[in-house]
Amino acid sequence: MSYSQQMMMILPEIVLALGSLILMMVSAFAGHRSARGVSWAAVALLIGAGIALLGPASSGGVAFYGLLRADAFSAFAKLLIYIAAAVSIIIAPRFFAATHGDDLKPEYPVLILLSAIGMGVMVSASDLLTLYVGLELQSLAAYVLASFMRQDTRSAEAGLKYFVLGALASGILLYGISLVYGFTGSTLFDVIALQYSGGLSTGLLFGLVFVFAGLAFKISAVPFHMWTPDVYEGAPTPVTAFFASAPKVAAMGLAVRIAVEAMGPAVDQWRQIVIFAALASIILGAVAAIGQSNIKRLLAYSSINNVGFALVGLAAGTQAGVSAVLIYMTIYIAMTLGSFLIVLQMRDENGVPVETIASLAGMSRTRPWLAAALAMFMFSLAGIPPLFGFYAKFAVFSAAVDAGLFALAAVGIAASVIGAYYYLRVVKTMFFDEPAPAFAPMQSKVEGGLIAISALFISPLGYLLIPALLSATTSAARALL
(Lines give C-alpha, C1' and ligand atoms only; values in the text may rest on other atoms or scores of the structure.)
Protein backbone atom coordinates (compact mmCIF):
# COMPACT_ATOMS: atom_id res chain seq x y z
CA MET A 1 0.00 0.00 0.00
CA SER A 2 1.41 3.38 -1.00
CA TYR A 3 2.16 6.17 1.44
CA SER A 4 -0.53 8.42 -0.08
CA GLN A 5 -3.15 5.69 0.36
CA GLN A 6 -2.20 5.32 4.01
CA MET A 7 -2.43 9.10 4.52
CA MET A 8 -5.94 9.07 3.04
CA MET A 9 -6.94 6.53 5.69
CA ILE A 10 -6.14 9.07 8.42
CA LEU A 11 -7.54 12.05 6.50
CA PRO A 12 -10.00 13.02 9.30
CA GLU A 13 -7.12 13.27 11.79
CA ILE A 14 -5.02 15.25 9.29
CA VAL A 15 -7.87 17.71 8.73
CA LEU A 16 -8.33 18.24 12.46
CA ALA A 17 -4.60 18.39 13.23
CA LEU A 18 -3.76 20.98 10.57
CA GLY A 19 -6.92 22.94 11.32
CA SER A 20 -6.29 23.03 15.06
CA LEU A 21 -2.70 24.24 14.54
CA ILE A 22 -3.90 27.05 12.26
CA LEU A 23 -6.65 28.04 14.69
CA MET A 24 -4.15 28.00 17.55
CA MET A 25 -2.00 30.54 15.71
CA VAL A 26 -5.05 32.65 14.85
CA SER A 27 -6.13 32.71 18.49
CA ALA A 28 -2.59 33.57 19.62
CA PHE A 29 -2.29 36.58 17.29
CA ALA A 30 -5.92 37.78 17.18
CA GLY A 31 -6.67 37.33 20.87
CA HIS A 32 -10.06 36.93 22.49
CA ARG A 33 -11.91 38.78 19.75
CA SER A 34 -11.33 35.78 17.46
CA ALA A 35 -13.17 33.33 19.75
CA ARG A 36 -16.48 33.24 17.88
CA GLY A 37 -14.81 32.90 14.48
CA VAL A 38 -12.46 30.21 15.77
CA SER A 39 -15.43 28.33 17.26
CA TRP A 40 -17.36 28.22 13.99
CA ALA A 41 -14.19 27.32 12.09
CA ALA A 42 -13.68 24.42 14.52
CA VAL A 43 -17.24 23.23 13.87
CA ALA A 44 -16.56 23.43 10.13
CA LEU A 45 -13.40 21.35 10.60
CA LEU A 46 -15.37 18.70 12.48
CA ILE A 47 -17.91 18.62 9.65
CA GLY A 48 -15.05 18.31 7.16
CA ALA A 49 -13.53 15.46 9.18
CA GLY A 50 -16.92 13.75 9.19
CA ILE A 51 -17.13 14.05 5.40
CA ALA A 52 -13.59 12.65 5.12
CA LEU A 53 -14.87 9.47 6.77
CA LEU A 54 -16.72 8.61 3.57
CA GLY A 55 -13.49 7.62 1.78
CA PRO A 56 -10.70 5.20 2.67
CA ALA A 57 -10.96 6.32 6.31
CA SER A 58 -13.93 3.98 6.71
CA SER A 59 -12.76 0.96 4.70
CA GLY A 60 -9.06 1.31 3.99
CA GLY A 61 -7.78 -1.51 6.18
CA VAL A 62 -4.52 -1.42 8.13
CA ALA A 63 -2.06 1.48 7.81
CA PHE A 64 1.48 2.26 8.98
CA TYR A 65 2.62 -1.33 9.54
CA GLY A 66 -0.39 -2.26 11.65
CA LEU A 67 -0.43 0.78 13.95
CA LEU A 68 -3.84 2.05 12.81
CA ARG A 69 -6.94 0.46 11.35
CA ALA A 70 -9.44 2.32 9.18
CA ASP A 71 -12.69 0.38 9.15
CA ALA A 72 -16.44 0.83 9.55
CA PHE A 73 -16.21 0.45 13.33
CA SER A 74 -13.77 3.32 13.78
CA ALA A 75 -15.67 5.48 11.26
CA PHE A 76 -18.96 5.00 13.12
CA ALA A 77 -17.37 5.88 16.48
CA LYS A 78 -15.60 8.92 15.01
CA LEU A 79 -18.85 10.23 13.57
CA LEU A 80 -20.46 10.14 17.01
CA ILE A 81 -17.37 11.82 18.53
CA TYR A 82 -17.40 14.64 15.97
CA ILE A 83 -21.12 15.29 16.48
CA ALA A 84 -20.71 15.51 20.25
CA ALA A 85 -17.61 17.72 19.93
CA ALA A 86 -19.39 20.09 17.53
CA VAL A 87 -22.36 20.47 19.88
CA SER A 88 -20.00 21.13 22.81
CA ILE A 89 -18.38 23.97 20.84
CA ILE A 90 -21.67 25.48 19.65
CA ILE A 91 -23.18 25.73 23.14
CA ALA A 92 -20.09 27.22 24.81
CA PRO A 93 -20.04 30.95 23.80
CA ARG A 94 -23.34 31.92 25.42
CA PHE A 95 -22.51 30.01 28.60
CA PHE A 96 -19.20 31.76 29.15
CA ALA A 97 -20.60 35.17 28.16
CA ALA A 98 -23.45 34.82 30.65
CA THR A 99 -21.24 33.39 33.41
CA HIS A 100 -18.30 35.77 33.17
CA GLY A 101 -19.72 38.66 31.20
CA ASP A 102 -16.97 38.02 28.67
CA ASP A 103 -16.70 36.12 25.42
CA LEU A 104 -15.34 32.62 25.24
CA LYS A 105 -11.57 32.27 24.98
CA PRO A 106 -10.50 30.88 21.57
CA GLU A 107 -8.42 28.15 23.22
CA TYR A 108 -11.62 26.26 24.09
CA PRO A 109 -12.54 25.05 20.56
CA VAL A 110 -8.85 24.30 19.84
CA LEU A 111 -8.69 22.04 22.91
CA ILE A 112 -11.88 20.29 21.80
CA LEU A 113 -10.31 19.65 18.38
CA LEU A 114 -7.10 18.28 19.92
CA SER A 115 -9.16 16.02 22.16
CA ALA A 116 -11.15 14.83 19.11
CA ILE A 117 -7.89 13.93 17.33
CA GLY A 118 -6.84 11.82 20.32
CA MET A 119 -10.23 10.11 20.43
CA GLY A 120 -10.03 9.36 16.71
CA VAL A 121 -6.66 7.68 17.22
CA MET A 122 -8.08 5.74 20.17
CA VAL A 123 -10.87 4.09 18.20
CA SER A 124 -8.59 3.42 15.19
CA ALA A 125 -5.65 2.01 17.16
CA SER A 126 -4.54 -1.54 16.42
CA ASP A 127 -1.39 -1.25 18.50
CA LEU A 128 -1.02 -0.70 22.25
CA LEU A 129 1.39 2.22 21.88
CA THR A 130 -0.84 3.99 19.34
CA LEU A 131 -3.70 3.45 21.74
CA TYR A 132 -1.77 5.07 24.57
CA VAL A 133 -0.68 8.08 22.51
CA GLY A 134 -4.28 8.77 21.45
CA LEU A 135 -5.53 8.31 24.99
CA GLU A 136 -3.00 10.74 26.44
CA LEU A 137 -3.69 13.39 23.78
CA GLN A 138 -7.38 13.21 24.63
CA SER A 139 -6.72 13.22 28.37
CA LEU A 140 -4.28 16.15 28.42
CA ALA A 141 -6.77 18.35 26.57
CA ALA A 142 -9.54 17.17 28.91
CA TYR A 143 -7.58 18.12 32.04
CA VAL A 144 -7.28 21.71 30.80
CA LEU A 145 -10.93 21.83 29.76
CA ALA A 146 -12.09 20.68 33.21
CA SER A 147 -10.28 23.60 34.86
CA PHE A 148 -11.02 26.08 32.07
CA MET A 149 -12.63 28.64 34.42
CA ARG A 150 -9.45 29.44 36.33
CA GLN A 151 -11.13 31.87 38.72
CA ASP A 152 -13.78 29.33 39.69
CA THR A 153 -12.75 27.19 42.68
CA ARG A 154 -14.95 24.27 41.68
CA SER A 155 -13.52 24.21 38.14
CA ALA A 156 -9.92 24.31 39.41
CA GLU A 157 -10.70 21.51 41.86
CA ALA A 158 -12.33 19.44 39.10
CA GLY A 159 -9.29 19.82 36.88
CA LEU A 160 -6.90 18.83 39.68
CA LYS A 161 -8.93 15.76 40.66
CA TYR A 162 -9.25 14.70 37.04
CA PHE A 163 -5.51 15.13 36.46
CA VAL A 164 -4.38 13.22 39.57
CA LEU A 165 -6.77 10.31 39.11
CA GLY A 166 -6.24 10.31 35.34
CA ALA A 167 -2.49 10.04 35.83
CA LEU A 168 -3.06 7.10 38.20
CA ALA A 169 -5.29 5.37 35.66
CA SER A 170 -2.77 5.99 32.87
CA GLY A 171 -0.08 4.41 35.02
CA ILE A 172 -2.26 1.36 35.65
CA LEU A 173 -3.00 1.04 31.94
CA LEU A 174 0.65 1.48 30.99
CA TYR A 175 1.67 -1.18 33.50
CA GLY A 176 -0.85 -3.55 31.94
CA ILE A 177 0.48 -2.73 28.47
CA SER A 178 4.05 -3.45 29.63
CA LEU A 179 2.97 -6.84 31.01
CA VAL A 180 1.17 -7.75 27.79
CA TYR A 181 4.20 -6.71 25.74
CA GLY A 182 6.58 -8.57 28.02
CA PHE A 183 4.70 -11.86 27.70
CA THR A 184 3.72 -11.59 24.01
CA GLY A 185 6.74 -9.81 22.55
CA SER A 186 4.58 -7.40 20.55
CA THR A 187 2.25 -4.42 20.92
CA LEU A 188 0.25 -5.23 17.76
CA PHE A 189 -3.30 -6.43 18.43
CA ASP A 190 -3.08 -9.25 15.86
CA VAL A 191 0.07 -10.74 17.40
CA ILE A 192 -1.30 -10.35 20.93
CA ALA A 193 -4.47 -12.23 19.91
CA LEU A 194 -2.33 -15.11 18.62
CA GLN A 195 -0.47 -15.29 21.94
CA TYR A 196 -3.72 -15.29 23.93
CA SER A 197 -5.10 -18.08 21.75
CA GLY A 198 -2.10 -20.23 22.64
CA GLY A 199 -2.97 -20.33 26.33
CA LEU A 200 -3.19 -17.87 29.19
CA SER A 201 -0.15 -17.57 31.41
CA THR A 202 -0.23 -15.75 34.77
CA GLY A 203 1.60 -12.78 33.26
CA LEU A 204 -0.90 -12.45 30.40
CA LEU A 205 -3.78 -12.70 32.85
CA PHE A 206 -2.39 -9.91 35.03
CA GLY A 207 -1.77 -7.80 31.92
CA LEU A 208 -5.38 -8.28 30.88
CA VAL A 209 -6.63 -7.25 34.34
CA PHE A 210 -4.53 -4.07 34.48
CA VAL A 211 -5.45 -3.03 30.94
CA PHE A 212 -9.16 -3.38 31.67
CA ALA A 213 -8.72 -1.54 34.99
CA GLY A 214 -7.18 1.42 33.17
CA LEU A 215 -9.95 1.41 30.57
CA ALA A 216 -12.60 1.23 33.30
CA PHE A 217 -11.41 4.59 34.60
CA LYS A 218 -11.78 6.20 31.18
CA ILE A 219 -15.39 5.03 30.83
CA SER A 220 -16.05 5.79 34.54
CA ALA A 221 -17.11 2.24 35.32
CA VAL A 222 -17.29 1.06 38.95
CA PRO A 223 -14.98 0.75 40.88
CA PHE A 224 -13.00 3.42 38.98
CA HIS A 225 -15.84 5.95 38.88
CA MET A 226 -14.91 8.14 41.85
CA TRP A 227 -13.77 11.12 39.79
CA THR A 228 -16.96 11.44 37.75
CA PRO A 229 -19.44 13.27 40.06
CA ASP A 230 -16.92 15.87 41.26
CA VAL A 231 -15.52 16.57 37.79
CA TYR A 232 -18.97 16.77 36.18
CA GLU A 233 -20.19 19.17 38.87
CA GLY A 234 -17.12 21.42 38.90
CA ALA A 235 -16.36 21.66 35.18
CA PRO A 236 -18.14 24.28 33.03
CA THR A 237 -21.45 22.86 31.81
CA PRO A 238 -20.47 22.72 28.09
CA VAL A 239 -17.32 20.83 29.12
CA THR A 240 -19.39 18.46 31.27
CA ALA A 241 -21.65 17.82 28.27
CA PHE A 242 -18.53 17.02 26.25
CA PHE A 243 -17.11 14.69 28.93
CA ALA A 244 -20.41 12.83 29.19
CA SER A 245 -20.61 12.16 25.45
CA ALA A 246 -17.56 12.11 23.14
CA PRO A 247 -14.89 10.63 25.49
CA LYS A 248 -17.41 8.01 26.61
CA VAL A 249 -17.85 6.86 23.00
CA ALA A 250 -14.10 6.87 22.39
CA ALA A 251 -13.27 4.94 25.56
CA MET A 252 -16.06 2.43 24.96
CA GLY A 253 -14.95 1.97 21.36
CA LEU A 254 -11.38 1.44 22.56
CA ALA A 255 -12.52 -1.09 25.17
CA VAL A 256 -14.53 -2.99 22.58
CA ARG A 257 -11.61 -3.07 20.12
CA ILE A 258 -9.13 -4.32 22.73
CA ALA A 259 -11.53 -6.91 24.13
CA VAL A 260 -12.64 -8.31 20.79
CA GLU A 261 -9.61 -7.75 18.56
CA ALA A 262 -6.57 -8.01 20.85
CA MET A 263 -7.88 -10.26 23.62
CA GLY A 264 -10.73 -12.05 21.85
CA PRO A 265 -9.34 -15.56 22.56
CA ALA A 266 -9.39 -14.75 26.30
CA VAL A 267 -13.09 -13.90 26.25
CA ASP A 268 -13.88 -16.14 29.23
CA GLN A 269 -11.39 -14.24 31.37
CA TRP A 270 -12.22 -10.65 30.45
CA ARG A 271 -15.95 -11.37 30.39
CA GLN A 272 -15.84 -11.88 34.19
CA ILE A 273 -14.31 -8.41 34.62
CA VAL A 274 -16.83 -6.81 32.27
CA ILE A 275 -19.81 -8.49 33.94
CA PHE A 276 -18.67 -7.30 37.38
CA ALA A 277 -18.09 -3.75 36.12
CA ALA A 278 -21.44 -3.74 34.31
CA LEU A 279 -23.52 -4.87 37.29
CA ALA A 280 -21.61 -2.72 39.79
CA SER A 281 -22.00 0.36 37.56
CA ILE A 282 -25.70 -0.23 37.00
CA ILE A 283 -26.45 -0.74 40.71
CA LEU A 284 -24.14 1.89 42.21
CA GLY A 285 -25.03 4.47 39.55
CA ALA A 286 -28.71 3.99 40.36
CA VAL A 287 -28.45 3.88 44.16
CA ALA A 288 -25.96 6.76 44.53
CA ALA A 289 -28.02 9.06 42.31
CA ILE A 290 -31.08 8.84 44.57
CA GLY A 291 -29.76 11.25 47.19
CA GLN A 292 -28.33 13.85 44.80
CA SER A 293 -29.62 17.43 44.87
CA ASN A 294 -27.42 18.81 42.06
CA ILE A 295 -28.63 18.03 38.54
CA LYS A 296 -25.09 17.73 37.14
CA ARG A 297 -24.10 15.21 39.83
CA LEU A 298 -27.29 13.28 39.12
CA LEU A 299 -26.39 13.15 35.41
CA ALA A 300 -22.87 12.03 36.40
CA TYR A 301 -24.27 9.01 38.22
CA SER A 302 -26.64 8.53 35.30
CA SER A 303 -23.61 8.26 32.98
CA ILE A 304 -22.07 5.62 35.28
CA ASN A 305 -25.37 3.74 35.22
CA ASN A 306 -25.59 3.90 31.43
CA VAL A 307 -22.01 2.77 30.96
CA GLY A 308 -22.99 -0.34 32.91
CA PHE A 309 -25.78 -1.07 30.44
CA ALA A 310 -23.41 -0.60 27.49
CA LEU A 311 -20.97 -3.05 29.10
CA VAL A 312 -23.74 -5.66 29.14
CA GLY A 313 -23.52 -5.66 25.34
CA LEU A 314 -19.72 -5.97 25.46
CA ALA A 315 -19.96 -8.89 27.89
CA ALA A 316 -21.78 -10.87 25.19
CA GLY A 317 -18.54 -10.82 23.16
CA THR A 318 -20.43 -11.40 19.91
CA GLN A 319 -21.12 -9.44 16.74
CA ALA A 320 -24.63 -8.71 18.02
CA GLY A 321 -23.13 -7.51 21.30
CA VAL A 322 -20.74 -5.07 19.57
CA SER A 323 -23.61 -3.80 17.40
CA ALA A 324 -25.75 -3.32 20.54
CA VAL A 325 -22.98 -1.30 22.23
CA LEU A 326 -22.82 1.07 19.25
CA ILE A 327 -26.60 1.41 19.17
CA TYR A 328 -26.63 2.16 22.90
CA MET A 329 -23.90 4.80 22.64
CA THR A 330 -25.67 6.50 19.70
CA ILE A 331 -28.93 6.86 21.60
CA TYR A 332 -27.11 7.68 24.86
CA ILE A 333 -25.35 10.65 23.24
CA ALA A 334 -28.66 12.16 22.10
CA MET A 335 -30.23 11.70 25.54
CA THR A 336 -27.22 13.08 27.42
CA LEU A 337 -26.55 16.09 25.20
CA GLY A 338 -30.24 16.94 25.27
CA SER A 339 -30.27 16.80 29.07
CA PHE A 340 -27.22 19.06 29.38
CA LEU A 341 -28.65 21.49 26.85
CA ILE A 342 -31.59 21.93 29.21
CA VAL A 343 -29.24 22.33 32.18
CA LEU A 344 -27.74 25.26 30.26
CA GLN A 345 -31.18 26.92 30.29
CA MET A 346 -31.34 26.74 34.09
CA ARG A 347 -30.52 30.38 34.93
CA ASP A 348 -32.19 32.79 37.30
CA GLU A 349 -33.48 36.20 36.24
CA ASN A 350 -29.97 37.64 36.64
CA GLY A 351 -28.45 35.02 34.33
CA VAL A 352 -26.66 33.12 37.11
CA PRO A 353 -26.57 29.34 36.54
CA VAL A 354 -28.80 27.27 38.82
CA GLU A 355 -28.01 23.59 39.25
CA THR A 356 -30.28 22.32 42.04
CA ILE A 357 -33.00 19.83 41.23
CA ALA A 358 -35.33 21.79 43.53
CA SER A 359 -35.12 24.78 41.15
CA LEU A 360 -36.94 22.66 38.54
CA ALA A 361 -40.08 22.68 40.70
CA GLY A 362 -43.16 23.68 38.74
CA MET A 363 -41.28 24.15 35.48
CA SER A 364 -44.19 22.54 33.65
CA ARG A 365 -46.15 25.72 34.36
CA THR A 366 -43.41 28.31 33.81
CA ARG A 367 -41.56 26.67 30.87
CA PRO A 368 -43.87 23.87 29.63
CA TRP A 369 -41.98 22.99 26.44
CA LEU A 370 -38.67 22.80 28.25
CA ALA A 371 -40.23 20.65 30.97
CA ALA A 372 -41.73 18.33 28.35
CA ALA A 373 -38.33 17.91 26.65
CA LEU A 374 -36.53 17.17 29.94
CA ALA A 375 -39.25 14.69 30.89
CA MET A 376 -38.69 12.90 27.56
CA PHE A 377 -34.94 12.71 28.20
CA MET A 378 -35.47 11.41 31.74
CA PHE A 379 -37.99 8.77 30.66
CA SER A 380 -35.72 7.73 27.78
CA LEU A 381 -32.67 7.44 30.06
CA ALA A 382 -34.80 5.26 32.34
CA GLY A 383 -35.61 3.03 29.36
CA ILE A 384 -39.35 3.56 29.53
CA PRO A 385 -41.19 2.76 26.26
CA PRO A 386 -42.13 4.04 23.76
CA LEU A 387 -39.13 6.38 23.88
CA PHE A 388 -35.99 5.38 21.98
CA GLY A 389 -33.97 4.76 25.15
CA PHE A 390 -36.03 1.61 25.64
CA TYR A 391 -34.70 0.19 22.39
CA ALA A 392 -31.11 0.86 23.51
CA LYS A 393 -31.60 -1.28 26.61
CA PHE A 394 -33.52 -3.89 24.65
CA ALA A 395 -30.60 -4.24 22.21
CA VAL A 396 -27.93 -4.87 24.86
CA PHE A 397 -30.08 -7.26 26.92
CA SER A 398 -31.09 -9.14 23.77
CA ALA A 399 -27.42 -9.60 22.87
CA ALA A 400 -26.68 -10.85 26.39
CA VAL A 401 -29.54 -13.36 26.29
CA ASP A 402 -28.46 -14.61 22.84
CA ALA A 403 -24.97 -15.17 24.28
CA GLY A 404 -26.43 -17.26 27.12
CA LEU A 405 -25.86 -14.63 29.83
CA PHE A 406 -29.34 -14.99 31.32
CA ALA A 407 -28.36 -14.11 34.89
CA LEU A 408 -26.62 -10.90 33.75
CA ALA A 409 -29.66 -9.83 31.74
CA ALA A 410 -32.05 -10.63 34.60
CA VAL A 411 -30.06 -8.71 37.23
CA GLY A 412 -29.52 -5.80 34.82
CA ILE A 413 -33.22 -5.53 34.04
CA ALA A 414 -34.12 -5.68 37.74
CA ALA A 415 -31.52 -3.02 38.61
CA SER A 416 -32.83 -0.72 35.88
CA VAL A 417 -36.00 -0.37 37.94
CA ILE A 418 -33.95 1.27 40.71
CA GLY A 419 -32.53 3.75 38.22
CA ALA A 420 -36.01 4.70 37.06
CA TYR A 421 -36.72 6.15 40.52
CA TYR A 422 -34.39 9.14 40.38
CA TYR A 423 -35.36 9.97 36.79
CA LEU A 424 -39.01 9.93 37.80
CA ARG A 425 -38.17 12.14 40.79
CA VAL A 426 -36.98 14.85 38.42
CA VAL A 427 -40.21 14.57 36.42
CA LYS A 428 -42.29 14.66 39.60
CA THR A 429 -40.48 17.83 40.73
CA MET A 430 -41.22 19.57 37.42
CA PHE A 431 -44.86 18.61 37.13
CA PHE A 432 -46.22 18.24 40.67
CA ASP A 433 -44.21 20.44 43.08
CA GLU A 434 -45.04 24.04 43.89
CA PRO A 435 -43.34 26.34 41.36
CA ALA A 436 -39.90 27.71 42.16
CA PRO A 437 -38.79 31.06 40.67
CA ALA A 438 -39.00 30.81 36.88
CA PHE A 439 -35.85 30.49 34.81
CA ALA A 440 -34.78 33.28 32.49
CA PRO A 441 -36.16 33.01 28.92
CA MET A 442 -34.18 30.99 26.40
CA GLN A 443 -31.69 33.30 24.69
CA SER A 444 -30.40 31.03 21.92
CA LYS A 445 -32.45 29.68 19.03
CA VAL A 446 -29.55 27.38 18.17
CA GLU A 447 -29.72 25.70 21.58
CA GLY A 448 -33.51 25.47 21.28
CA GLY A 449 -33.10 23.80 17.89
CA LEU A 450 -30.57 21.31 19.26
CA ILE A 451 -32.94 20.44 22.12
CA ALA A 452 -35.77 19.90 19.60
CA ILE A 453 -33.57 17.66 17.39
CA SER A 454 -32.45 15.57 20.37
CA ALA A 455 -36.03 15.23 21.63
CA LEU A 456 -37.29 14.17 18.20
CA PHE A 457 -34.49 11.61 17.88
CA ILE A 458 -35.31 9.90 21.19
CA SER A 459 -39.07 10.15 20.62
CA PRO A 460 -41.05 7.25 19.07
CA LEU A 461 -40.10 8.76 15.69
CA GLY A 462 -36.59 7.46 16.39
CA TYR A 463 -37.82 3.91 15.75
CA LEU A 464 -38.04 4.84 12.06
CA LEU A 465 -34.24 5.00 12.09
CA ILE A 466 -33.79 1.44 13.39
CA PRO A 467 -33.21 -0.19 9.96
CA ALA A 468 -30.49 2.34 9.05
CA LEU A 469 -28.98 2.19 12.53
CA LEU A 470 -28.94 -1.61 12.56
CA SER A 471 -27.34 -1.71 9.12
CA ALA A 472 -24.58 0.74 10.12
CA THR A 473 -23.81 -0.88 13.47
CA THR A 474 -23.89 -4.41 12.06
CA SER A 475 -21.41 -3.39 9.36
CA ALA A 476 -19.21 -1.78 12.02
CA ALA A 477 -19.34 -4.89 14.22
CA ARG A 478 -18.62 -7.16 11.26
CA ALA A 479 -15.54 -5.07 10.39
CA LEU A 480 -14.23 -5.58 13.92
CA LEU A 481 -14.91 -9.30 14.15
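Residues numbered from 1 in each chain as written. Predicted model: local features only at pLDDT ≥ 70, side-chain atom pairs only at ≥ 80, totals over all residues. Heavy atoms only, no water.

As named in an unreviewed UniProt entry, the chain is NADH-quinone oxidoreductase subunit N, taken from Stakelama flava. Here is the UniProt Subunit (unreviewed entry) comment for the chain, exactly as written: "NDH-1 is composed of 14 different subunits. Subunits NuoA, H, J, K, L, M, N constitute the membrane sector of the complex." Listed in UniProt under the heading Sequence similarities (unreviewed entry), the comment for the chain reads: "Belongs to the complex I subunit 2 family." (UniProt positions renumbered as here; feature names shortened; annotations may be inferred.)

### Focus: the overall build of the chain
Tallying secondary structure elements over the chain gives 22 helices and two strands in all. Relative to the 2.2 N^0.38 estimate, which gives 23 Å for 481 residues, the radius of gyration of the chain is 21 Å and therefore close to what a compact globule would have. With the principal axes as the frame, the chain shows a C-alpha extent of 65 × 55 × 40 Å. Within the chain, residue pairs in contact and separated by at least 24 positions form 80% of the contacts whose partners lie at least 6 positions apart. (Helix = DSSP H or I, 4+ residues; strand = E, 2+ residues; numbered from the N terminus. Rg over C-alpha atoms; globule rule 2.2 N^0.38 Å. Contact = heavy atoms within 4.5 Å.)

### Points about the UniProt feature "domain: NADH:quinone oxidoreductase/Mrp antiporter transmembrane" (unreviewed entry) in the chain
Mapped onto this structure's residue numbering, the UniProt feature "domain: NADH:quinone oxidoreductase/Mrp antiporter transmembrane" (unreviewed entry) falls at residues 125–419. With 77% helix and 0% strand, residues 125–419 has its two end C-alpha atoms placed 34 Å apart.

### Considerations on the nonpolar core
Within the largest apolar cluster, 175 residues are counted, with the highest numbers of intra-cluster contacts made by Leu-131, Phe-243, Met-263, Trp-270, Leu-311 and Leu-360. For this core, the element with the highest residue contribution is helix α16 (residues 319–344), accounting for 18 residues. Those residues in contact with Leu-311 that lie beyond four places of it in its chain are Ile-219, Ala-221, Met-252, Val-274, Ala-277 and Ala-278. Within the second largest apolar cluster, seven residues are counted, among which are Met-9, Ala-63, Ala-70 and Val-121. (Core = buried A, V, L, I, M, F, W, Y, C linked by side-chain atoms within 4.5 Å. Buried < 20%, exposed > 50% of the residue type's maximum accessible area, 1.4 Å probe, protein only.)

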